[in-house]
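# Observations on the three-dimensional arrangement
What follows is each chain in one-letter form.
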Amino acid sequence: MTFQAWGWWKEDASLVWGRVPDAEGERGGAVRCKTLATKDPTAVERANLLNMAKLSIKGLIESALSFGRTLDSDYPPLQQFFVVMEHCLKHGLKVRKSFLSYNKTIWGPLELVEKLYPEAEEIGASVRDLPGLKTPLGRARAWLRLALMQKKMADYLRCLIIQRELLSEFYEYHALMMEEEGAVIVGLLVGLNVIDANLCVKGEDLDSQVGVIDFSMYLKNEEDIGNKERNVQIAAILDQKNYVEELNRQLNSTVSSLHSRVDSLEKSNTKLIEELAIAKNNIIKLQEENHQLRSENKLILLRTQQHLEVTKVDVETELQTYKHSRQGLDEMYNDARRQLRDESQLRQDVENELSVQVSMKHEIELAMKLLEKDVHEKQDTLIGLRQQLEEVKAINIEMYQKLQGSEDGLKEKNEIIARLEEKTNKITAAMRQLEQRLQQAEKAQTDVEDEDERYVQEHLSQSDSLQRQISQKEKQLAQLETDLKIEKEWRQTLQEDILKEKGVLSHLRNETQQIVNLKKEFLKLQDENQQLKNIYQEQEQALRELGNKLSESKLKIEDIKEANKALQGLVWLKDKEATHCKLCEKEFSLSKRKHHCRNCGEIFCNACSDNELPLPSSPKPVRVCDSCHAMLIQRCSSNLP
């Protein structure tokens, strides 16, 4: 076997030098280095401790599998394994100050496992209950041994390594448990689950042991190989001796514990008898109080029922009256709404007619203005025609005057007339033409005057008809205004009726509020009745619980008697005597391990004894075979009420 390197680490206040063998077990050269400039000394310490843990775990598993037996506390590789684990856990521990001295122990982080892993509470409690342990280091060593026997050391330390924040309270940042080497060691510890260890923690002096690593165990010589068979025989004899001694110790401890339990059970039995007598007296008193409460409850129920019946009748009558009044009010309200709708419709029609009439009035006013403009224009034309007629009349007068002057000239100038007969004939012809023209002008003037008179008469008749229509519309407006006044008065009356109805509704609401208050009082009475019923049920439940406790105490006494009988006839079968499982009759091997039933003492395989039940000898659940499990469950079910 070779050595990987010379390493050093601190243990308390001294430097311990040792040769650290590598994990593969080969021989090689050794290099001594006190201080390395390139490497951290704490990293070297962690590497050396990791290699030692690998070698100790590997050697322990190989030796245990080659011997094929359960290991006891005197087995040297197992002792060295605990020493190596102690050194690994001590690496990088913080120094805790106390009143008297400085304390540095591994019991603090191991005690923390109980909070992180609930199943570890059993180990912590059993370690604290051990009488021979006085120092924290002794408790930590006992904890490691119990964890190995439970095959849960890897699980416990894994939970501890995961919580680095909690570990920082106990370890320095460069400690092995804070680095990756701790996780590697926890992974190696999983392989120890194949080993069965039977360690007696009570008899060992764990406080004063010196934890020094013995490297001679890992050095193999040719003489050791030759003496291997003799060592195997000696180890087998020692195993048998240790097993017998352990059985004797266990039997003595169980007998003493059973005697003490029998004494305590007798004392508890006397106490239970006294408590039974007291409980019986209390039951009698409670029964009397129960009868009184029942009678009072019946009286209260009768009173409440009578009061409820009276209140129900009153409520029903009030509800009926409220329903009738509500129906009448609903009908009145519906009629009023209908009338309002009709009146609103009429009002809309009247407003529409008013708007149409107002538009007609505006159109008539525009037509009147246009007619007035036409009349003024016609009057202007008539004035112009009259002026023209006056001018024509003046011309006619002048012509007439000229004719008179000409006749005078004819009379005065008869002589000239003869001369001028021809001229006069011409003038007469011209005069005739002028007369014809005058007659035509007069006829045209008369025609124009007739047309003007007709047009004026027509416009006068139209204006009279328009005035009549305007008077009629004014009368209609007066009628509509009177109708609007009537509608306003009708609205006021309707509003007064609505206010009256609101008053009636408020009165009805007050009545409904009174009904709700009566209902609340009724519910309060129901709650009081329910509370009395609950008190009665709780008292009955207390009586039942007392009866159940009495029956449980009787069952416990019977179980204790049966346990005493079973312990008197119990035989713990030895491992050598059993080669096959008692139930399935399969042969035991390295994969199929042996397990004792804590009830009958026989040996079974894991499949036939994977049940756990609390027995009278141990209140905590222990391993029981399938047949004992079925028998105990049947017994418990038959004992139940």
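Predicted model, so just to flag it, every value in this text is computed and none were measured. (Residues numbered from 1 in each chain as written. Predicted model: local features only at pLDDT ≥ 70, side-chain atom pairs only at ≥ 80, totals over all residues. Heavy atoms only, no water.)

Quick look at the overall build of the chain now. If you tally the helices and strands in the chain, you get 14 helices and eight strands. Within the chain, the proportion of its 641 residues that are buried is 26%. Of the contacts made within the chain by residues no fewer than 6 positions apart, 68% connect residues no fewer than 24 positions apart. (Helix = DSSP H or I, 4+ residues; strand = E, 2+ residues; numbered from the N terminus. Buried < 20%, exposed > 50% of the residue type's maximum accessible area, 1.4 Å probe, protein only. Contact = heavy atoms within 4.5 Å.)

Attention now moves to the pairing of strand β8 (residues 618-624). Strand direction decides the pairing type here: strand β7 (residues 611-615) and β8, joined by five bridges, are antiparallel. If you follow Leu615 over to β8, its bridge partner there is Ser618. The loop that links β7 with its antiparallel partner β8 comprises two residues. (Pairing = 2+ DSSP bridges.)

Among the surface-exposed residues, Leu293, Ile300, Leu532 and Ile535 lie close enough to one another that they form a single nonpolar patch of about 270 Å² accessible area. Broken down by secondary-structure element, the contributors of at least two residues to the nonpolar patch are α11 (228-412) and α13 (421-569). Tracing the sequence through the fold places Ile300 in helix α11. Residue Ile300 is classed as partly exposed on the basis of its relative accessible area, which comes to 33%. (Patch = residues over 30% accessible without salt bridge, like charges linked within 9 Å, V, L, I, M, F, W, Y side chains within 5 Å. Areas by Shrake-Rupley, 256 points an atom, 1.4 Å probe, with all protein chains shown as cover. Salt bridge = Lys/Arg side-chain N within 4 Å of Asp/Glu carboxyl O.)

Let us now look at the side chain of Arg145. Residue position: Arg145 is located in helix α6 (residues 136-150). With relative accessibility at 7%, the residue Arg145 sits in the buried group.

This part takes up the state of the cysteines. Across all of its chains, the model carries zero disulfides by this definition. Left without a disulfide partner, Cys600 is nearest to the cysteine sulfur of Cys597, which lies 3.6 Å away. In this structure Cys628 is not part of a disulfide, and its nearest cysteine sulfur, from Cys625, lies 3.3 Å away. Of the residues examined, Cys628 reaches a relative accessible area of 7% and is grouped as buried. (Disulfide = S-S within 2.5 Å.)

Attention now goes to the packing of aromatic side chains. Within this structure, the stated rule accounts for three aromatic pairs. Look at Tyr117 and Tyr156: their rings are 5.2 Å apart centre to centre, the planes differ by 70°, and that puts the pair in the edge-to-face class. Placement of Tyr117 in the loop between α4 (113-116) and α5 (121-129) and of Tyr156 in helix α7 (residues 153-162) is noted, with a sequence separation of 39 residues between them. Taken as a pair, Tyr117 and Tyr156 share a single burial class, namely buried. With relative accessibility at 0%, the residue Tyr156 sits in the buried group. (Phe/Tyr/Trp six-rings, centres within 6.5 Å; stacked < 30°, edge-to-face > 60°.)

Now for α7. Among the ten residues of α7, seven are classified as buried, and the element is accordingly described as predominantly covered. Here α7 has its buried residues at Met153, Ala154, Tyr156, Leu157, Cys159, Leu160 and Ile161.

Under the definition given, this model contains twelve salt bridges. A salt bridge links Arg347 to Glu351; its shortest N-O distance comes to 3.2 Å. Placement of both Arg347 and Glu351 in helix α11 is noted, with a separation of four residues, approximately one turn of the helix. Several salt bridges converge on common partners, so that one network encompasses Glu86, Lys90 and Arg141.

Further remarks concern the environment of Lys134. For Lys134, the location among the structural elements is in the loop between α5 and α6. Since its relative accessible area comes to 70%, Lys134 is described here as exposed. The spatial distance from the C-alpha of Lys134 to the C-alpha of Leu206 is 9.2 Å, given a sequence separation of 72 residues. Among all residues touching Lys134, those that are not within four sequence positions of it are Arg139 and Asp207.

Let us now look at the packing of α7 against helix α9 (residues 180-189). Where α7 meets α9, the axes come as close as 8 Å, and the angle between the chain directions of the two elements is 160°. The orientation of α7 with respect to α9, classified from their angle, is roughly antiparallel. Pair α7 / α9 crosses with left-handed handedness. Listed contacts from α9 to Met153, Ala154, Leu157, Arg158 and Ile161 of α7 are Gly182, Ala183, Val186 and Leu189. Taken together, the residues of the contact of α7 with α9 break down into seven nonpolar, one polar and one charged. (Axes fitted to C-alpha atoms, helices over the stretch in contact; angles between N-to-C directions. Parallel < 35°, antiparallel > 145°, perpendicular 65-115°, else oblique. Left-handed = near helix turned anticlockwise from the far one by under 90°. Nonpolar A, V, L, I, M, F, W, Y, C, P; charged D, E, K, R; others polar.)

Turning our attention to the nonpolar core. Note that soluble globular proteins tend to have their nonpolar side chains buried in a common cluster. Judged by nonpolar contacts, the single largest core of 59 residues is most densely connected at Phe81, Trp143 and Leu189. Sorting the residues of this core by element identifies α1 (41-67), α2 (76-90), α3 (107-111), α5, α6, α7 and α9 as the ones contributing at least two each. Ignoring sequence-local partners within four residues, the contact set of Phe81 consists of Ser56, Ile57, Leu60, Met153, Leu189 and Leu192. (Core = buried A, V, L, I, M, F, W, Y, C linked by side-chain atoms within 4.5 Å.)

Time to look at the environment of Asp40. Relative to the elements of secondary structure, Asp40 occurs in the loop between β2 (14-21) and α1. Among the residues examined, Asp40 registers a relative accessible area of 41% and is labelled partly exposed. The spacing of Asp40 and His174 is 134 residues in sequence and 9.9 Å in space, taken between C-alpha atoms.

Positive phi is not limited to glycine here, since Lys151 has a value of about 60°. Within the secondary structure layout, Lys151 lies in the loop between α6 and α7. On the basis of relative accessibility, which here comes to 27%, the residue Lys151 falls in the partly exposed class. Phi angles above zero are rare outside glycine, and Glu585 is one such case at about 60°.

Here His459 is to be found in helix α13. For the pair formed by His459 and Glu372, sequence separation is 87 residues and the distance between their alpha carbons is 9.5 Å. Not counting chain neighbours up to four residues away, the residues in contact with His459 comprise Leu371 and Lys378.

Below, the discussion takes up the confidence of the model for the chain. In the predicted model, the chain carries a mean pLDDT of 77, and 82% of its residues have values of at least 70. Within the chain, the element-level pLDDT minimum falls on strand β1 (residues 3-11), averaging 35, and the maximum on strand β6 (residues 603-604), averaging 90. Confidence drops under a pLDDT of 50 for residues 1-38, and excluding neighbours within four residues, the segment shows 80 contacts in the predicted structure. (pLDDT = per-residue confidence, 0-100.)

Once that is clear, we can look at the packing of α1 against α2. In contact at an axis separation of 9 Å, α1 and α2 are set at 155° when each is read in the N-to-C sense. Looking at the two axes, α1 sits roughly antiparallel to α2. Every pair of crossing elements has a handedness; the one defined by α1 and α2 is left-handed. Contacts from Leu49, Met52, Ala53, Ser56, Ile57, Leu60 and Ser63 of α1 reach α2 at Pro77, Leu78, Phe81, Val84, His87 and Cys88. The residue makeup of the contact of α1 with α2, split by class, is ten nonpolar, three polar and no charged.

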